[in-house]
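# Descriptive analysis of the structure
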Amino acid sequence: MQFIDTHSHLIPHFDDGSPDWETSLEMMRQGQEDGIVEAVCTPHILSKLDYDREAELYRLFEELRHRAKKAGIAVKLHLAAELYLQPDLNLDCRMATFADNGRYFLVEFPMNLIPDFVSQRFFDLVMANRIPVIAHPERNGKILRDPEKAYEFVERGGLLQVNSGSLNGVFGRMPKILAMQLIDANLVTMVATDAHDLRSRPFKLSQAYETVMNEWGAKKAQKLFYDNPRKIILGEDIQAEEPKPWGNFDGKLSLKDRFKLIVDKVRM
Ligand SMILES: [Fe+2]
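We now turn to the structure provided with this report. Just so it is clear, the model here is predicted, and its values are computed rather than measured.

## Considerations on the overall build of the chain
Assigned secondary structure in the chain consists of 11 helices and nine strands. Across its three principal directions, the C-alpha atoms of the chain cover 55 × 40 × 30 Å. Looking at the 268 residues of the chain, the share that counts as buried comes to 55%. Expressed as a percentage of contacts within the chain between residues at least 6 apart in sequence, the contacts between residues at least 24 apart total 76%. Carbon together with sulfur atoms contributes 49% to the accessible area of the chain, which is approximately 12,000 Å² in total. Looking at the chain, you have 35 positive and 40 negative side-chain charges, and the mean spots of the two groups are 3 Å apart.

Right under this line is the structure:
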């Protein structure tokens, strides 16, 4: 099986991801063995100071490509960024959108809240064909408390990216349950590694792929781990699945009841 990863911190010396070139190459070897054929490097861009480091980032990215090629690693790399949410997201710089396609961008919310300006701002961006991909919504405290927020984002044209680690249970029980709940409701566009290191957050997708395969079948898994990631990189349209309405699952179950069902299914 082949995977395309859309969220990773493989570039060293820039953020809290890979600490050095050696680790970056080892992470890439791990990923290649695991089935990852293409990946987007998405370093954290937290503030204006980081936006000003764009030239440095491109230098590091090119060096990683060069070193990987020299080491015989065939994973094809692209560049984007994980933009920390702020009122003035600068989407015009090259690193802001996936492979500089000007369309899809990866955005990270604060851990425990969603600022009030987000809804309207995202709606305006979607109208301008700038599509936010929300990184790991299943780890956000506000969405964990109020999962219908995730539905609202998708309804307004945003996309959701779930972490493979969440499906593997690395972040605990509730993010795993929410990740499965979101996939089950057809709200998730793709699963990505958010790889930071060799062990706790590795550059691997096969275990999460197995989970999705077993739970929802090969077609869904292919979409979340290859087809949609490819479209995100190329800036192509994503065929969104019809979200299952909250509170009307099978016409009977409320969101809370659905949560309970998933809780029962989750084996930690
Ligand atoms: Fe990340």
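## A look at the coordination of the iron ion
Bound to the iron ion are the protein donor atoms His7 (NE2), His9 (NE2), Glu82 (OE) and Asp194 (OD), situated 2.1 to 2.2 Å from the metal. Viewed at the metal, the four donor atoms of the iron ion are separated by angles of 82 to 170 degrees, and the geometry they form is irregular. Mapped onto the polypeptide sequence, the residues donating to the iron ion form the spacing pattern H-x1-H-x72-E-x111-D. Placement of His9 in the loop between strand S1 (3-5) and helix H1 (21-34) and of Glu82 in strand S5 (residues 82-84) is noted, with a sequence separation of 73 residues between them.

## A short note on the packing of helix H9 (residues 206-216) against helix H10 (residues 218-234)
Between H9 and H10, the shortest axis-to-axis distance is 7 Å and the interhelical angle comes to 145 degrees. For the element pair H9 and H10, the recorded crossing hand is right-handed. Every residue of H10 that contacts H9 at Ala208, Tyr209, Val212, Met213 and Trp216 is listed here: Ala218, Lys220, Ala221, Gln222, Leu224 and Phe225.

## Here we look at the sheet that holds strand S3 (residues 44-45)
Either a parallel or an antiparallel arrangement is found when strands of a sheet pair, and the pairing is made through backbone hydrogen bonds. Read from one edge of the open sheet, six strands run S3-S5-S6-S7-S8-S9, paired in parallel fashion. What marks the edges here is a single partner per strand, and that holds for S3 and strand S9 (190-192). Together, strand S6 (104-108) and strand S7 (131-135) form the strand contacts of helix H4 (residues 118-127), whose direction differs from that of S7 by roughly 135 degrees.

## Focus: the nonpolar core
If you look at the biggest cluster of nonpolar residues, it comprises 64 residues, and the most contacted ones within it are Leu64, Leu77, Leu83, Phe122, Leu167 and Phe225. Looking at which element gives the most residues to this core, the answer is helix H3 (residues 54-70), with six residues. If we skip the residues at most four places from it in the chain, Phe225 touches Gln2, Phe3, Ile4, Val191, Leu205, Ala208, Tyr209 and Val212. By size, the runner-up hydrophobic cluster in this structure holds 16 residues, among which are Ile4, Leu106, Ile131 and Met190.

## Looking at the sheet that holds strand S4 (residues 76-79)
The strand order across the open sheet built from three strands is S1-S2-S4, with neighbouring strands paired in parallel fashion. Only two strands of the sheet have a single partner each, and these edge strands are S1 and S4. Neighbour-to-neighbour, the strand axes of this sheet turn through a mean angle of 15 degrees, independent of strand direction. In terms of strand pairing, S1 meets strand S2 (residues 36-41) through three bridges, oriented parallel. Along S2, the bridge assignment pairs Ile4 with Glu38. Where H3 meets the sheet, its contacts fall on S2 and S4, and the angle it forms with S4 comes to roughly 175 degrees. Lying over the sheet, H10 contacts S1, S2 and S4, oriented at roughly 45 degrees with respect to S1.

What counts, and where the lines are drawn
Residues numbered from 1 in each chain as written. Predicted model: local features only at pLDDT ≥ 70, side-chain atom pairs only at ≥ 80, totals over all residues. Heavy atoms only, no water. Helix = DSSP H or I, 4+ residues; strand = E, 2+ residues; numbered from the N terminus. Buried < 20%, exposed > 50% of the residue type's maximum accessible area, 1.4 Å probe, protein only. Contact = heavy atoms within 4.5 Å. Areas by Shrake-Rupley, 256 points an atom, 1.4 Å probe, with all protein chains shown as cover. Lys, Arg positive; Asp, Glu negative; His and termini not counted. Charge placed at Lys NZ, Arg CZ, Asp CG, Glu CD. Donors = N, O, S within 2.8 Å, 3.2 Å for Na, K, Ca; no water. Tetrahedral: all angles 85-135°; square planar, octahedral: opposite > 155°, others 65-115°. Axes fitted to C-alpha atoms, helices over the stretch in contact; angles between N-to-C directions. Left-handed = near helix turned anticlockwise from the far one by under 90°. Pairing = 2+ DSSP bridges. Core = buried A, V, L, I, M, F, W, Y, C linked by side-chain atoms within 4.5 Å.

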